[in-house]
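# An overview of the molecular structure
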Amino acid sequence: MQKILIVSNDYKELQNIYNNINKTLNSSIKIVGICNNEKDALLYLLNGNIDIIILDLDTKNAKILLDKILINSIVIKVILISKKTDSIVNIINNNIDIYQFFVKPINITKLIDTLYTFSESPKKIENKLTYLLKDFNFNKNTKGYLYILKCLTFCIENNYTSISSIKDLYKEIELKYNNISSSQLEWNISKAIQSMNNCTNKEIINSFITYNNFPSPKIFINKILNTYYTKISESNEL
């Protein structure tokens with residue numbers, strides 16, 4: 001179950017969000033806190049194991065809260081709402097990782113659809129990833145293939161839309177799973193992708209990525225992540 005914190009001093013908007021989440025997603029997402037200031041919100045974030053924050057940028061000191069999230073390295077999915085488009089654009093331009101944003105009055109149906117993607121179980125995520133990988137001729141019994149799935153699932157669960165360092169990703173997974181080392185991940189995934197490249201139709205490879213050589217693990221994982229999030233975005237627009 002995903003735990004959600006709502007931060008807003010707009011009572012009408014807050015009530016709308018709260019009622020619709022409870023009515024629609026009560027079995028998969030739990031609202032564990034509602035705040036109208038940045039200090040109380042930060043206490044929740046530091047102590048409450050929050051997965052998602054819906055932050056009203058029109059709330060006093062909302063931008064300070066975002067800065068503190070960065071300073072404290074809090075891993076959380078951030079959804080912004082505001083009356084002012086400029087406020088949201090400025091936040092995004094400052095390289096703060098925002099999952100989604102809504103301009104008031106928000107489209108509550110799209111908000112619920114966004115939250116629904118967070119409520120998916122790891123197994124459902126893995127099933128979607130398996131489908132995305134089906135055209136690539138992997139040996140699905142190898143550790144390398146299973147590690148690729150684990151890396152992708154880990155990224156999605158942690159709201160990583162892309163990775164800048166494959167070694168940093170391996171280290172994060174090593175820290176989470178005591179029975180997997182970063183060196184094991186690196187060797188097995190590289191071997192699996194190289195084997196896949198040799199066995200997969202070149203037209204499929206070329207349509208997926210515009211490189212003459214086989215894709216590196218970082219490039220391959222980023223391309224699959226991009227495809228995953230693109231398909232979610234397209235489904236939300238229907």
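Here the focus is the environment of C35. Mapping C35 onto the fold places it in strand β2 (residues 29–35). Given the relative accessible area of 4%, C35 is considered buried. Note: C-alpha distance between C35 and N9 (26 residues apart in sequence) is 7.7 Å. Beyond its immediate chain neighbours, meaning those up to four positions away, C35 contacts L5, I6, V7, S8, D40, A41 and Y44.

Let us now look at the sheet that holds strand β4 (residues 77–82). Ordered by their spatial adjacency, five strands build an open sheet running β2-β1-β3-β4-β5, and the pairing between neighbours is parallel. Lying at the two open borders of the sheet, with one neighbouring strand each, are β2 and β5 (100–103). With strand direction ignored, the average angle separating the axes of adjacent strands in the sheet is 20 degrees. Pairing of β4 with β5, which is carried by four bridges, proceeds in the parallel orientation. Its bridge partner lying in β5, I81 is registered against F102. On top of the sheet, helix α2 (residues 38–47) reaches β1 (2–7), β2 and β3 (52–56); it is set at about 145 degrees to β2, its chief contact.

Relative to each other, α2 and helix α3 (residues 62–71) sit at 25 degrees, their axes nearing to 9 Å. Our classification of the angle between α2 and α3 gives roughly parallel. In this structure, α2 crosses over α3, and the sense of that crossing is right-handed. Along its contact with α2, which presents E38, A41, L42 and L45, the element α3 presents I64, L65, K68 and I69. Along the lines of polarity and charge, the residues of the contact of α2 with α3 split into six nonpolar, no polar and two charged.

Analysis parameters
- Residues numbered from 1 in each chain as written.
- Predicted model: local features only at pLDDT ≥ 70, side-chain atom pairs only at ≥ 80, totals over all residues.
- Heavy atoms only, no water.
- Helix = DSSP H or I, 4+ residues; strand = E, 2+ residues; numbered from the N terminus.
- Buried < 20%, exposed > 50% of the residue type's maximum accessible area, 1.4 Å probe, protein only.
- Contact = heavy atoms within 4.5 Å.
- Pairing = 2+ DSSP bridges.
- Axes fitted to C-alpha atoms, helices over the stretch in contact; angles between N-to-C directions.
- Parallel < 35°, antiparallel > 145°, perpendicular 65-115°, else oblique.
- Left-handed = near helix turned anticlockwise from the far one by under 90°.
- Nonpolar A, V, L, I, M, F, W, Y, C, P; charged D, E, K, R; others polar.

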